[in-house]
Amino acid sequence: YEWDEVHPVILAMSTYSTVHLQKEDASVYPKLAGVLEELALLQKNSMEDEYENLLSFGREELQADSENFRTQRSNLDMHVRRADSTAVSLLADSYLDCAFVNDFYGKTGYNFDTETGRELQITDVVLDMSRIPKLVLAELSSHMWSGEVYSESAVADYFRDTAKEDLAWTLDYNGVTFYFGAGSLAEEGFGSLTATIP
């Protein structure tokens, strides 16, 4: 974080985490270790660039309206959803708050074959994607009344209109989890939704 020199406020605050293999695991799975190092470096550079932008934007906002100034914030949490000899699955959970610009929340899944380090596609894991919309709808409906949250066709429309490579998912120990951003299936105010399919 960085303080403004004149005003007693924090201009910007940014936190992030990255995932790496431990030394002994990296020697067993060198290709995966290399892929994770590349991903971590990409995320580090992206977050540091974003932080510089937040500082610049924060200085402008503070000069324009010091009384209503809010600290500019960004955050990237990396969660390990699975890590074994079959697959490594990571969830990137992002948050960006730029004062008067709409806040941004996003989730991205990274799924890798442990042996080769190859990034897995959803069709590598789910061989029959035609069943997924109904299973996701049933899972979501078991936790909420879908009539008020999203239309009956919203889930099927989402999977029909979203390219397979654009789906946010992780391969967990108990199944596949799909992540839906705010506004993807329901009104923005309902936030993000998650469904785990065994």
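Up top is the structure.
Residues numbered from 1 in each chain as written. Predicted model: local features only at pLDDT ≥ 70, side-chain atom pairs only at ≥ 80, totals over all residues. Heavy atoms only, no water.

## Observations regarding helix H6 (residues 154-161)
Reasoning step 1: Those residues of H6 not exposed but buried are Ala154, Val155, Tyr158 and Phe159. One side of H6 holds all its buried residues, which, seen down the axis, span an arc of 130°. Turned more than 90 degrees from where H6 packs its buried face, Arg160 and Asp161 sit exposed.
Reasoning step 2: On the buried face of H6, the contacting elements are helix H4 (132-141) and strand S7 (175-180). (Buried < 20%, exposed > 50% of the residue type's maximum accessible area, 1.4 Å probe, protein only. Helix = DSSP H or I, 4+ residues; strand = E, 2+ residues; numbered from the N terminus. Arc of directions from axis to C-beta. Contact = heavy atoms within 4.5 Å.)

## Some details on the pairing of strand S3 (residues 72-83)
Reasoning step 1: Two strands pair when backbone bridges link them, and strand S2 (residues 10-16) and S3 are joined in this way by five bridges, in the parallel orientation. Within S3, the residue paired with methionine 13 across the bridge is arginine 73.
Reasoning step 2: Of the strand pairs in this sheet, S3 and strand S4 (residues 87-97) are connected by 10 bridges, and their pairing is antiparallel. Paired with aspartate 77 across the bridge in S4 is aspartate 93.
Reasoning step 3: Two successive antiparallel strands, S3 and S4, enclose a turn made up of three residues. (Pairing = 2+ DSSP bridges.)

## A word on the side chain of serine 14
Reasoning step 1: In this fold, serine 14 is placed in strand S2.
Reasoning step 2: Separated by 2.9 Å, the side chains of serine 14 and serine 74 make a polar contact.
Reasoning step 3: Residue contacts for serine 14: discarding those within four places in its chain leaves Met47, Tyr51 and Ser74. (Polar contact = N/O pair within 3.5 Å; in protein donor to acceptor, adjacent residues only side chain to side chain.)

## A short note on the sheet that holds strand S6 (residues 168-172)
Reasoning step 1: Strand order in this open sheet of three strands is S6-S7-S8, and the pairing throughout is antiparallel. Each of the sheet's edge strands pairs with one partner strand only, and the pair in question is S6 and strand S8 (193-197). Averaged over all neighbouring strand pairs, the angle between strand axes comes to 20°, with direction disregarded.
Reasoning step 2: Note that S6 and S7 share five bridges and pair antiparallel. Within S7, the position partnered with aspartate 172 by the bridge is glycine 175.
Reasoning step 3: Its contacts with the sheet put H4 on S7 and S8, and the angle it makes with S8 is roughly 115°. (Axes fitted to C-alpha atoms, helices over the stretch in contact; angles between N-to-C directions.)

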